[in-house]
Amino acid sequence: PQRHIAHNTLTKYIRFLPHIQEKAHKVNPSCSMANSCLGVHIRQSDKAAGRRQIQTDEFLPYVQAFVAAGGEWIYLATDSGKVLEQVRKEWPRYLQPKIRTIGDNVVRSNDDKAVFDIASHHRTNTEILIEILALSTCQFMIHGLSAVTETSVWINVDLHYTSVNLED
């Protein structure tokens, strides 16, 4: 019920700036039911409050099952340069053309330092909003505990029923 309330509040009061909406559509276009998309959010930099850092390889079986079932796209959101490098080097070649990201020219951490401690808050906030919107257009999501994924669910409340929280 709380996610539905959050969704209704967001829908009623929050509007994303057009340039943020355009960028989110550019990095993750055509995510309709005919072009199914799996959102994968791998957060690794600043896990706090005893939360478990989920390793990149823990996501792989879900991604492979999604593609084997006919899934078309994987939108990968991450705050870690190491995660992106690992996915590109170690995940199977057949997955690579299906993986979309916000791009390489974004702030990412290579240790446990939070991205908002690396660059300006305006830049990191803008990039995170783009990631949230891009994830929210997916039909499915695999993730850990994060405000980014929670907000994506608030935008697309159907993700409440079609996501897996690997920290849960």
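Small disclaimer: the values here were computed from a predicted structure and weren't measured.

Caption draft 1: Layout of the overall build of the protein chain. The number of helices and strands found in the protein chain is 6 helices and 5 strands. Secondary structure elements of the protein chain, listed N to C terminal, follow the sequence α-α-β-α-β-α-β-α-β-α-β. The burial tally for the protein chain puts 48% of its 168 residues in the buried class. A sequence separation of at least 24 residues applies to 68% of the contacts in the protein chain between residues at least 6 apart. For the protein chain, the accessible area works out to roughly 9,000 Å², and carbon and sulfur atoms hold 56% of it.

Caption draft 2: Summary view of the pattern of salt bridges. A full pass over the atoms with the stated rule returns 4 salt bridges. Among the salt bridges present, the one from arginine 123 reaches glutamate 127, with a minimum N-O distance of 2.8 Å. In this pair, arginine 123 and glutamate 127 both sit in helix 5 (residues 121-136), 4 residues apart, roughly one turn of the helix.

Caption draft 3: Structural context of the packing of helix 1 (residues 2-13) against helix 6 (residues 147-155). Between helix 1 and helix 6, whose axes approach to 7 Å, the crossing angle comes to 70°. In this view, helix 1 runs roughly perpendicular relative to helix 6, as classed from their interaxial angle. Together, Arg3, Ala6, His7 and Leu10 of helix 1 and Glu150, Thr151, Val153, Trp154 and Ile155 of helix 6 make up the contact between the two elements. For the contact of helix 1 with helix 6, the per-class residue count stands at 5 nonpolar, 2 polar and 2 charged.

Caption draft 4: Focus on the nonpolar core. Grouped together as the largest cluster of nonpolar side chains are 20 residues, with contacts concentrated most on Val27, Tyr75, Ile102, Ile130 and Leu135. Elements represented by at least two residues in this core include exactly helix 2 (18-27), strand 2 (73-78), helix 5 and helix 6. Counting residues per element, this core draws most heavily on helix 5, at 5 residues. Setting aside its immediate chain neighbours within four residues, isoleucine 130 contacts Ile20, Lys23, Ala24, Val27 and Ile102. Listed in part, the 19 residues of the second largest apolar core include Leu38, Ile54, Trp91 and Ile99.

Caption draft 5: Broad picture of the pairing of strand 2. Of all 6 residues in strand 2, 5 are buried, a share of seventy percent or more. Where strand 1 (residues 37-42) meets strand 2, 6 bridges bridge the pair, whose relative direction is parallel. Bridge assignment links histidine 41 to a residue of strand 2, and that residue is alanine 77. Of the pairings in the sheet, the one linking strand 2 to strand 3 (residues 99-100) comprises 2 bridges and is parallel in character. Residue pairing in the sheet places isoleucine 74 in a bridge with isoleucine 99 of strand 3. The β-α-β motif built from strand 2, the intervening helix 4 (residues 81-90) and the parallel element strand 3 has right-handed crossover chirality.

Caption draft 6: Examining the sheet that holds strand 1 more closely. Taken together, the 5 strands give an open sheet; going across it, the order is 3-2-1-4-5, and neighbouring strands pair in parallel fashion. Of all the strands in the sheet, just strand 3 and strand 5 (163-165) have a single pairing partner and so form its edges. Here strand 4 (residues 140-143) pairs with strand 5 via 3 bridges, running parallel. Residue histidine 143 lies in a different strand from strand 5, and its bridge partner there is asparagine 165. Sitting on the sheet, helix 4 touches strand 1, strand 2 and strand 3, and the angle it makes with strand 2 is about 150°. Against the sheet, helix 6 contacts strand 1 and strand 4, and its axis sits at roughly 160° relative to strand 4.

Rules used throughout
- Residues numbered from 1 in each chain as written.
- Predicted model: local features only at pLDDT ≥ 70, side-chain atom pairs only at ≥ 80, totals over all residues.
- Heavy atoms only, no water.
- Helix = DSSP H or I, 4+ residues; strand = E, 2+ residues; numbered from the N terminus.
- Buried < 20%, exposed > 50% of the residue type's maximum accessible area, 1.4 Å probe, protein only.
- Contact = heavy atoms within 4.5 Å.
- Areas by Shrake-Rupley, 256 points an atom, 1.4 Å probe, with all protein chains shown as cover.
- Salt bridge = Lys/Arg side-chain N within 4 Å of Asp/Glu carboxyl O.
- Axes fitted to C-alpha atoms, helices over the stretch in contact; angles between N-to-C directions.
- Parallel < 35°, antiparallel > 145°, perpendicular 65-115°, else oblique.
- Nonpolar A, V, L, I, M, F, W, Y, C, P; charged D, E, K, R; others polar.
- Core = buried A, V, L, I, M, F, W, Y, C linked by side-chain atoms within 4.5 Å.
- Pairing = 2+ DSSP bridges.
- Right-handed = clockwise from strand over helix to strand, strands pointing away.

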